[in-house]
Amino acid sequence: MTAAQITSNDQIADKLKFNENGLIPAIAQQHDTGEVLMMAWMNRDAVLETLSTGRVCYFSRSRGKLWRKGESSGQVQNLVDFCYDCDQDTILVQVDQLGVACHTGRRNCFYFAARDGAEIVISEPEVSVDELYGKK
C-alpha cells in the first residue's frame, strides 16, 4: 500500500505494528512549540477514536481500558497531526494541550534529569494533583 492508496482510518490502523499485547507507543508533542509532553500507549481502538474524534485517546494498561486524555482532569489533548515512524511501530501525536499533560500537575512528564551523576527535578507542578482530580 502506498500513501495514496490509504483512504480510511481503518487502513491506517491496519498498517501500524502493534506489539504482542496489541499496543503501540505514542509520543505526544505540543504542535506549536515542539515540547515533548508525554508517552503513553494506544491500542487499535484508541488509534481509531483519536483519528475519528480529533481528541487524543490512549489505552490505560493499569485500568485495562481506553483513556480519553483529560476525562477526569480536564487537561485535554486536541489532535493537530497524527504521524508514525518509518517502521510503523511508534506514533507521534502533535497536539494542542489544554492545561498540563502530566498527572503530577506538571506541563510535561519529563521533569527528571540526570546531570553530573545526579538526578534533579527540572520543573515543578503548575497545578496540584488534588485540584486536577477534584479532591479539594
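Above: the structure in question.
Residues numbered from 1 in each chain as written. Predicted model: local features only at pLDDT ≥ 70, side-chain atom pairs only at ≥ 80, totals over all residues. Heavy atoms only, no water.

### A word on the overall build of the protein chain
As a reminder of what qualifies: Helix and strand assignments follow DSSP, with helices taken as H or I runs no shorter than four residues and strands as E runs no shorter than two, numbered in order from the N terminus. Exposure classes here rest on a 1.4 Å probe applied to the protein chains alone. A residue is buried below 20% of its type maximum, exposed above 50%, and partly exposed in between. The contact criterion used throughout is that any non-hydrogen atoms of two residues lie within 4.5 Å. Values of accessible area rely on a 1.4 Å probe in the Shrake-Rupley scheme; residue burial ignores everything except the protein chains shown. Only four residue types enter the tally: Lys and Arg on the positive side, Asp and Glu on the negative side; His and the chain ends are excluded. To locate a charge, the coordinates of NZ of Lys, CZ of Arg, CG of Asp or CD of Glu are taken.
Along its length, the protein chain carries 3 helices and 8 strands. Secondary structure elements in the protein chain, listed N-terminal to C-terminal, are α-β-β-α-β-β-β-β-β-β-α. When its C-alpha atoms are laid out on the principal axes, the protein chain stretches across 45 × 40 × 30 Å. In the protein chain, which comprises 136 residues, the share counted as buried stands at 35%. Long-range contacts, defined as pairs at least 24 residues apart, comprise 42% of the intrachain contacts of the protein chain with a sequence gap of at least 6. Carbon and sulfur atoms form 48% of the exposed surface of the protein chain, whose accessible area is close to 7800 Å². Once the 14 positive and 19 negative side-chain charges of the protein chain are each reduced to a mean point, those two points are 5 Å apart.

### Topic: the nonpolar core
Where we set the bar: In this description, a nonpolar core means a group of buried Ala, Val, Leu, Ile, Met, Phe, Trp, Tyr and Cys residues linked to one another through side-chain atoms lying within 4.5 Å.
Grouped together as the largest cluster of nonpolar side chains are 24 residues, with contacts concentrated most on Met38, Met42, Val47, Tyr58, Phe82, Ile91 and Val93. Counting residues per element, this core draws most heavily on strand β2 (residues 36-42), at 4 residues.

### As for the pairing of strand β6 (residues 91-97)
Our working definition: The criterion for strand pairing is that DSSP finds at least two bridges linking the strands in question.
Because side chains alternate across β6, one face comprises the buried residues Ile91, Val93, Val95 and Gln97, and the other comprises Leu92, Gln94 and Asp96, none of which is buried. One ladder, built from 5 bridges, connects strand β1 (residues 24-30) with β6; its direction is parallel. Each residue of the ladder has a partner; that of glutamine 29, found in β6, is glutamine 94. Two strands pair when backbone bridges link them, and strand β5 (residues 77-84) and β6 are joined in this way by 7 bridges, in the antiparallel orientation. Each residue of the ladder has a partner; that of asparagine 78, found in β6, is aspartate 96. The antiparallel pairing of β5 with β6 creates a hairpin that spans 6 residues between the two strands, and glutamine 88 there sits at a positive phi of about 60 degrees.

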